[in-house]
Amino acid sequence: MSVRTWLTHDRHHPPVDRLFDAACDLMIATRAFETQSTCTPEDPPSIAATLGVLDACLRTLQASLPNLADRAPACTTCVQTSRELQRAEAALADAAAACDAARKSVLAATRRC
């Protein structure tokens with residue numbers, strides 16, 4: 001689904017459904033990314049730009065996890081859920097940092113070649 005389609009997609013569902021819909025849209029986008037990553041010709045500037053976008057996406061996802069944690073039910077077992085979301089938040093931060101480092105590496109290699 002393209003950004004244009006997503007922006008014009010019917011979003012008149014209850015907020016819970018819209019959250020799930022947004023997660024499904026993310027899955028559709030990642031599948032398209034997976035497909036394109038296997039058939040795109042080698043192009044270091046494009047790869048570096050793509051890694052920059054992935055870095056930004058991961059940081060956006062990281063920033064959204066505390067919102068989910070705040071909305072989780074308040075109960076004893078939900079403390080575990082909160083801890084797991086914190087672990088996921090840290091993992092996304094690490095993945096974003098790795099994408100940024102890879103982007104910088106690709107740019108440096110491009111300058112040397």
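Quantities reported herein were computed from a predicted structural model and do not represent experimental measurements.

A closer look at the overall build of the chain
- Helix and strand counts for the chain stand at four helices and zero strands.
- Shown N-terminal to C-terminal, the secondary structure of the chain runs as helices and strands in the order α-α-α-α.
- Counting the 113 residues in the chain, one finds 13% classified as buried.
- A separation of at least 24 residues holds for 69% of the contacts in the chain among residues at least 6 apart in sequence.

Thoughts on the pattern of salt bridges
- Following the criterion strictly, the structure yields five salt bridges and no others.
- The shortest N-O distance in the salt bridge between arginine 31 and glutamate 34 comes to 3.5 Å. One end of the pair is arginine 31 and the other is glutamate 34, both in helix 2 (residues 15-39) and three residues apart, which spans about a single turn.
- Measuring nitrogen to oxygen at the nearest pair gives 3.2 Å for the salt bridge that ties lysine 104 to aspartate 100. Note that lysine 104 and aspartate 100 are positioned in helix 4 (residues 78-112) at a spacing of four residues, about one turn of the helix.
- Within this structure, Asp100, Arg103 and Lys104 form a network of salt bridges that share partners.

Some thoughts on the confidence of the model for the chain
- With 83% of its residues at a pLDDT of 70 or more, the chain shows a mean pLDDT of 84.
- The secondary-structure element of the chain with the lowest mean pLDDT is helix 1 (residues 3-8), recorded at 50, while helix 3 (residues 44-71) shows the highest, at 91.

Here we look at the environment of arginine 59
- Turning to its location among the elements, arginine 59 is positioned in helix 3.
- Separated by 34 residues in the primary sequence, arginine 59 and alanine 93 have C-alpha atoms spaced 6.4 Å apart.
- Setting aside residues up to four positions removed in sequence, arginine 59 forms contacts with Ala96 and Ala97.
- Within the local environment of arginine 59, its side chain forms a polar contact with the side chain of aspartate 55, the two groups lying 2.6 Å apart.

A few points about helix 3
- Here helix 3 spans 41 Å end to end across 28 residues, near enough to the 40 Å set by a 1.5 Å rise per residue.
- Residues of helix 3 that are buried include every one of Ala48, Leu51, Asp55, Leu58, Gln62 and Leu65, and no others.

Scoring rules and cut-offs
Residues numbered from 1 in each chain as written. Predicted model: local features only at pLDDT ≥ 70, side-chain atom pairs only at ≥ 80, totals over all residues. Heavy atoms only, no water. Helix = DSSP H or I, 4+ residues; strand = E, 2+ residues; numbered from the N terminus. Buried < 20%, exposed > 50% of the residue type's maximum accessible area, 1.4 Å probe, protein only. Contact = heavy atoms within 4.5 Å. Salt bridge = Lys/Arg side-chain N within 4 Å of Asp/Glu carboxyl O. pLDDT = per-residue confidence, 0-100. Polar contact = N/O pair within 3.5 Å; in protein donor to acceptor, adjacent residues only side chain to side chain. Expected span 1.5 Å × (residues − 1).

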